[in-house]
Amino acid sequence: MAKPIMAKATAVWLVDNTTISFKQIADFVGMHELEVQGIADGDVAQGVKGFDPIANNQLTQEEIDKAQSNPLHKLQLKYNAAAEGEQKRRGPRYTPLSKRQDRPASILWLVKFHPELSDGQISKLVGTTKPTIQAIRERTHWNIANIQPIDPVALGLCKQSELDAAVQKAAAKKEADAPVMSDDERRKLVSTEQSLGMDAEPKIPTAIEGLETFTLSGEAADESAEEEKSAADFSDADSFFNLPDSSDEEEDEDTPRS
């Protein structure tokens, strides 16, 4: 159901000028019943001036009389033929003239800290054009040397909820467009239970860095040396010095030299 404009001010007027129940007023203006009761007690909407819905063509006196006589009657917003078929304007939002000079700074902030946002999302957030965003992305803007990134929420160009919604939407789209892992890559993944059950690899202290080869391979080197020593046969001097056989020398001496 359509809601009246200036809902809180309309609720203030209805509380002050009618005997309609808090429930009926809350349903009409789109507020909580306790909030309307807070208006009647003076705890809510202090200093808010009442907005007459009859004078502003939102309610009729007959509708108010029905609601006052029947606590179950729901107030109906007055039909406005001029609003029939009215559509929301699409495109970049309107930015006041006083804040248009701050748009390049906010665009640079969004490009720098939220690169996942598309040009269309940035355009809707700060009310700018895609050529301007592209020029700042490529750092070809005529004043790029003097632009400092500033949060658009701090500049009042958009709301924090709008920025968060755009970032979440861009992150979800990026995650959906991510490449799908193959079966081999998926097999290499280790579950959380397995990773927690693995023993931690021993780390060598930095104080003895460079000695890990000596300390870790000392025993292996000793074992290999003992094997080589046992394999060698040094039972006599000839085998120790690897001297040639005497028969070979005699054959060489008997051979006539040419």
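Rules and cut-offs
- Residues numbered from 1 in each chain as written.
- Predicted model: local features only at pLDDT ≥ 70, side-chain atom pairs only at ≥ 80, totals over all residues.
- Heavy atoms only, no water.
- Helix = DSSP H or I, 4+ residues; strand = E, 2+ residues; numbered from the N terminus.
- Contact = heavy atoms within 4.5 Å.
- Areas by Shrake-Rupley, 256 points an atom, 1.4 Å probe, with all protein chains shown as cover.
- Buried < 20%, exposed > 50% of the residue type's maximum accessible area, 1.4 Å probe, protein only.
- Phe/Tyr/Trp six-rings, centres within 6.5 Å; stacked < 30°, edge-to-face > 60°.
- Axes fitted to C-alpha atoms, helices over the stretch in contact; angles between N-to-C directions.
- Parallel < 35°, antiparallel > 145°, perpendicular 65-115°, else oblique.
- Left-handed = near helix turned anticlockwise from the far one by under 90°.
- Salt bridge = Lys/Arg side-chain N within 4 Å of Asp/Glu carboxyl O.
- Polar contact = N/O pair within 3.5 Å; in protein donor to acceptor, adjacent residues only side chain to side chain.

> Is there a simple way to explain the overall build of the protein chain in this structure?
Scanning the protein chain for helices and strands turns up 14 helices and zero strands. Shown N-terminal to C-terminal, the secondary structure of the protein chain runs as helices and strands in the order α-α-α-α-α-α-α-α-α-α-α-α-α-α. The contacts of the protein chain with a sequence gap of at least 6 include a subset with a gap of at least 24, amounting to 60%. Carbon and sulfur atoms provide 52% of the accessible area of the protein chain, an area that totals close to 19600 Å².

> How should helix H6 (residues 119-126) be read in this particular structure?
An α-helical turn contains 3.6 residues, so a residue and the one three or four places further along point in the same direction. Counting buried positions along H6 gives six out of eight residues, so the element sits mostly inside the fold. Within H6 the residues assigned to the buried category are Asp 119, Gln 121, Ile 122, Ser 123, Leu 125 and Val 126. Looking at the buried residues of H6, the elements they touch are helix H5 (103-113), helix H7 (130-137), helix H8 (152-155) and helix H9 (160-176). A positive backbone phi angle near 70° is found at Gly 127, which sits one or two residues after H6.

> Could you clarify how one ought to interpret the packing of aromatic side chains in this entry?
The description of two aromatic rings rests on the distance between their centres and on the angle between their planes. A full pass over the atoms with the stated rule returns one aromatic pair. Where Trp 109 meets Phe 113, the ring centres are 5.3 Å apart and the plane angle is 40°; that geometry is what we call tilted. With Trp 109 and Phe 113 both in helix H5, this residue pair falls four residues apart, about one helical turn.

> Looking at this structure, how should I read the packing of H6 against H7?
Angle between the axes and distance between the axes are the two parameters that describe a pair of packed helices. Axis separation between H6 and H7 bottoms out at 9 Å; the angle between their running directions is 115°. In terms of orientation, H6 and H7 fall into the roughly perpendicular class. Read as a crossing pair, H6 and H7 show a hand that is right-handed. Seen from H6, the contacting residues are Asp 119, Gly 120, Ile 122 and Ser 123; seen from H7, they are Lys 130, Ile 133, Gln 134 and Arg 137.

> Mind showing me how you'd approach the pattern of salt bridges here?
Two side chains with opposite charge may pair up if their charged atoms get near one another. Following the criterion strictly, the structure yields three salt bridges and no others. A salt bridge links Lys 23 to Asp 27, with the nearest nitrogen and oxygen atoms 3.6 Å apart. Taken as a pair, Lys 23 and Asp 27 lie in helix H2 (residues 22-29) at a separation of four residues, close to a single helical turn. Taking relative accessible area as the criterion, Lys 23 reaches 44% and is therefore assigned partly exposed. Owing to a relative accessible area of 28%, Asp 27 belongs among the partly exposed residues under this scheme. Across the salt bridge formed by Asp 119 and Arg 137, the nearest N and O atoms sit 2.8 Å from each other. In this pair, Asp 119 is assigned in helix H6 and Arg 137 in helix H7, connecting sequence segments 18 residues apart.

> Any chance you could explain the side chain of Asp 119 here in plain terms?
Judged by its relative accessible area of 18%, Asp 119 falls in the buried class. Polar side-chain contacts of Asp 119 include one of 2.8 Å to the side chain of Arg 137.

> I tried to follow the environment of Pro 71 on my own but got confused; where do I start?
Here Pro 71 lies in the loop between helix H4 (61-69) and H5. You can call Pro 71 exposed: its relative accessible area is 57%. Each C-alpha atom of the pair Pro 71 and Phe 22 lies 9.7 Å from the other, and the pair is 49 residues apart in sequence.

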